Amino acid sequence: MIERHILLDDIDLVSFYGVNNIHLQMLKALYPKLRIIARGNQMKVLGDEEEMCSFEENINKMIEHCAKYNSLNEEAILNIIKGRDTIKNDDDAAICYSVTGKAIIARSANQKLLVDAFKTDDMMFAIGPAGSGKTYVSIALAVRALKNREIRKIILSRPAVEAGEKLGFLPGDMKEKIDPYLQPLYDALQDMIPAQKLTEYMEQNIIQIAPLAFMRGRTLNDAVVILDEAQNTTPQQIKMFLTRMGHNTKMIITGDMTQIDLPKTVNSGLKEAVNVLNGIKGISFIYMNESDIVRHKLVTRIVNAYEKYESEQRLKREERKRQDEIEKTYNKQ
């Protein structure tokens, strides 16, 4: 009789063991010559050497399947044990998989450009309207890199700027004060990483979510770093952020030039960065538009309506300015 210890890392234990440990009971029935004892993220297995070899090979495949697809079911277990292929049809297109096992893919041409740029460049600017998938695709790319062990951590940041309203004093400790600004990032992560595993990652600082002000003085190595809502940074802030880049690090900067919430006297750091950094090797710029919007169909119509309205207002302002100049010239005469 031999004994083996198997560590279940990088997977959600609830998905792996199944509801009420149904998958564990299934394994015990499929391997009657082995005694399988599960304690948290460790499995102790005792028994026949020949059956042990088969068990180890298949349990490793099950761990890989669960880590990749965030799920495991009876059909997948049987396919693995019988030597059948468990690769899903959409594997080639998938960036990663949601907690429900659904493939997260690039759903437009410009989203695909962002996915391709991630392979070749170390810094990417994704600029476009609300709902065009800038943040969601960026976080999916970061999660995939973490799961593939290409990096050791994900760092997500946002400037703490209110969208057109003053919230005043916020109660609670520092985390509770900044969480409202960072909630969209939590939402995307919760779609892609099981709750228990996400909590573990955050407790171990493998996934870090922090306001932009906390970045000063850091050097960010072996990471995917995402700056969201970059249109609300000042030129000094975005310069500080971009110069945090360390070894084996990729940065993705996302923003919407039409939703700047800074005071009118303050220039947008994103606008300045685009002008300053355009043409630098290793930095790519992906510009999204209304055709990339993947939210409710009304979002596209709303974005188009506001673009039309703002264009008309701009023309009116230019016309008024032209008329004022004509009047000034006439009065001088």
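Just so you know, these numbers come straight off a predicted model, no measurement behind them.

Focus: the sheet that holds strand β2 (residues 34-39)
At step 1: Spatial ordering of the open sheet is given by β1-β3-β2, a layout of three strands whose pairing is antiparallel. Edge positions in the open sheet fall to β1 (2-7) and β2, since each of these has one partner strand only. The average angle at which neighbouring strand axes cross in this sheet is 15°, direction not considered.
At step 2: Bridge count between β1 and strand β3 (residues 42-47): six bridges; the pairing is antiparallel. Within the sheet, the bridge partner assigned to Glu3 lies in β3 and is Leu46.
At step 3: Relative to the sheet, helix α3 (residues 49-69) contacts β1, β2 and β3, its axis offset from that of β1 by approximately 5°.

Side note on the pairing of β3
At step 1: Both β2 and β3 contribute to a ladder of six bridges, which runs antiparallel. Bridging from a neighbouring strand, Arg39 pairs with Gln42 of β3.
At step 2: Hairpin connection of β2 to β3: two residues between the antiparallel strands, including Gly40 at a positive phi of 60°.

With respect to the side chain of Lys250
At step 1: Turning to its location among the elements, Lys250 is positioned in strand β10 (residues 249-255).
At step 2: Sequence-distant contacts of Lys250, defined by excluding residues within four places in its chain, comprise Phe118, Lys119, Asp121, Asp122, Met124, Ala223, Val224, Val225 and Met245.

Some details on the confidence of the model for the chain
At step 1: Across the chain, the average pLDDT comes to 87, with 93% of residues at 70 or higher.
At step 2: Per-residue pLDDT stays below 50 along residues 162-167; that stretch engages in seven contacts with residues further than four places along the chain or on separate chains.

Structural notes on the packing of aromatic side chains
At step 1: Within this structure, the stated rule accounts for four aromatic pairs.
At step 2: With centroids separated by 5.8 Å and ring planes inclined at 75°, the aromatic side chains of Phe16 and Tyr17 adopt a geometry described as edge-to-face. Accessibility assignment for this pair places Phe16 and Tyr17 in one class, buried.
At step 3: Measuring from centroid to centroid gives 5.2 Å for Tyr31 and Phe55, while their planes differ by 90°, and the two rings are edge-to-face. Here the residue Tyr31 occupies a position in the loop between α2 (22-30) and β2, and Phe55 occupies one in helix α3, the gap between them amounting to 24 residues.
At step 4: Assessed through its relative accessible area of 1%, Phe55 is described here as buried.

Description of a positive patch on the surface
At step 1: The grouping of Lys264, Arg314, Lys316, Arg317 and Arg320 at the surface amounts to a positive patch.
At step 2: For Arg320, a relative accessible area of 48% corresponds to the partly exposed category.

Describing α3
At step 1: Counted at 1.5 Å a residue, the expected span for α3 with its 21 residues is 30 Å, and the 30 Å between its end C-alpha atoms agrees.
At step 2: Where α3 is concerned, the buried positions are Glu51, Met52, Phe55, Asn58, Ile59, Met62, Ile63, His65, Cys66 and Tyr69. Within α3, the buried residues cover an arc of 160° as seen down the axis, which keeps them to one side. Facing away from the buried side of α3, by more than 90 degrees, are the exposed residues Glu49, Glu50 and Glu64.
At step 3: One side-chain oxygen at the N-terminal end of α3 lies 3.2 Å from the backbone nitrogen of Glu50; it belongs to Asp48.
At step 4: Just beyond α3, the residue with positive phi is Asn70, at close to 60°.

A word on the nonpolar core
At step 1: Counting residues in each nonpolar core, the largest one holds 38 residues, and the members touching the most others are Leu114, Ile139, Leu189 and Met192.
At step 2: Considering every element that reaches this core, the biggest residue donor is helix α6 (residues 134-147), with eight residues.
At step 3: Sequence-distant contacts of Met192, that is, excluding residues within four places in its chain, are made with Asn70, Cys96, Tyr97, Ser98, Val99, Ile104, Tyr136, Ile139, Ala140, Val143 and Lys147.
At step 4: Ile11, Tyr31, Ile59 and Ile63 belong to the second-largest nonpolar core, a separate cluster that totals 25 residues.

About the cut-offs
- Residue numbers run consecutively from 1 along every chain, following the written order of its sequence.
- Thresholds applied to this predicted model are a pLDDT of at least 70 for local features of residues and 80 or more for the giving and counting of side-chain atom pairs; totals over whole chains, interfaces and linings are not thresholded and use all residues.
- With hydrogens and water stripped out, all remaining heavy atoms of the structure feed into the side-chain values.
- For two strands to be treated as a pair, DSSP must find at least two bridges joining them.
- Segments assigned H or I by DSSP are reported as helices when at least four residues long, segments assigned E as strands when at least two residues long, and all are numbered from the N terminus.
- To get an axis, a line is fitted to the C-alpha atoms, and for a helix only the part in contact is used. The angle between two axes follows their N-to-C directions and goes from 0 to 180 degrees.
- By the convention used here, residues are in contact when the closest approach between their heavy atoms is within 4.5 Å.
- The predictor attaches a confidence to each residue, called pLDDT, with possible values from 0 through 100.
- To pair, rings of Phe, Tyr and Trp, with the six-membered ring standing in for Trp, must have centres within 6.5 Å; the planes then decide the type, stacked if under 30 degrees apart, edge-to-face if over 60, and tilted in the middle.
- A 1.4 Å probe rolled over the protein chains alone gives each residue an accessible area, and that area as a share of the maximum for its type sets the label: buried under 20%, exposed over 50%, partly exposed in between.
- Patch construction takes residues with relative accessible area above 30% that form no salt bridge. Like charges are linked within 9 Å, and nonpolar side chains (Val, Leu, Ile, Met, Phe, Trp, Tyr) are linked within 5 Å.
- Here, Shrake-Rupley sampling with a 1.4 Å probe gives the accessible areas, and only protein chains in the shown set may cover a residue.
- Whenever Lys or Arg places a side-chain nitrogen within 4 Å of a carboxyl oxygen from Asp or Glu, that contact is recorded as a salt bridge.
- Lys and Arg are tallied as positive, Asp and Glu as negative. Neither His nor the chain termini are counted.
- Every charge is mapped onto a representative atom, which is NZ of Lys, CZ of Arg, CG of Asp or CD of Glu.
- Any helix carries an expected span of 1.5 Å times its number of residues minus one.
- Note that the arc is defined by the directions from the helix axis to the C-beta atoms.
- Definition of a polar contact: a pair of N or O atoms within 3.5 Å, with one able to donate and the other able to accept a hydrogen when the atoms are protein atoms, and with sequence-neighbouring residues admitted only if both atoms are side-chain atoms.
- Buried Ala, Val, Leu, Ile, Met, Phe, Trp, Tyr and Cys residues that are joined via side-chain atoms within 4.5 Å together make up what is termed a nonpolar core.

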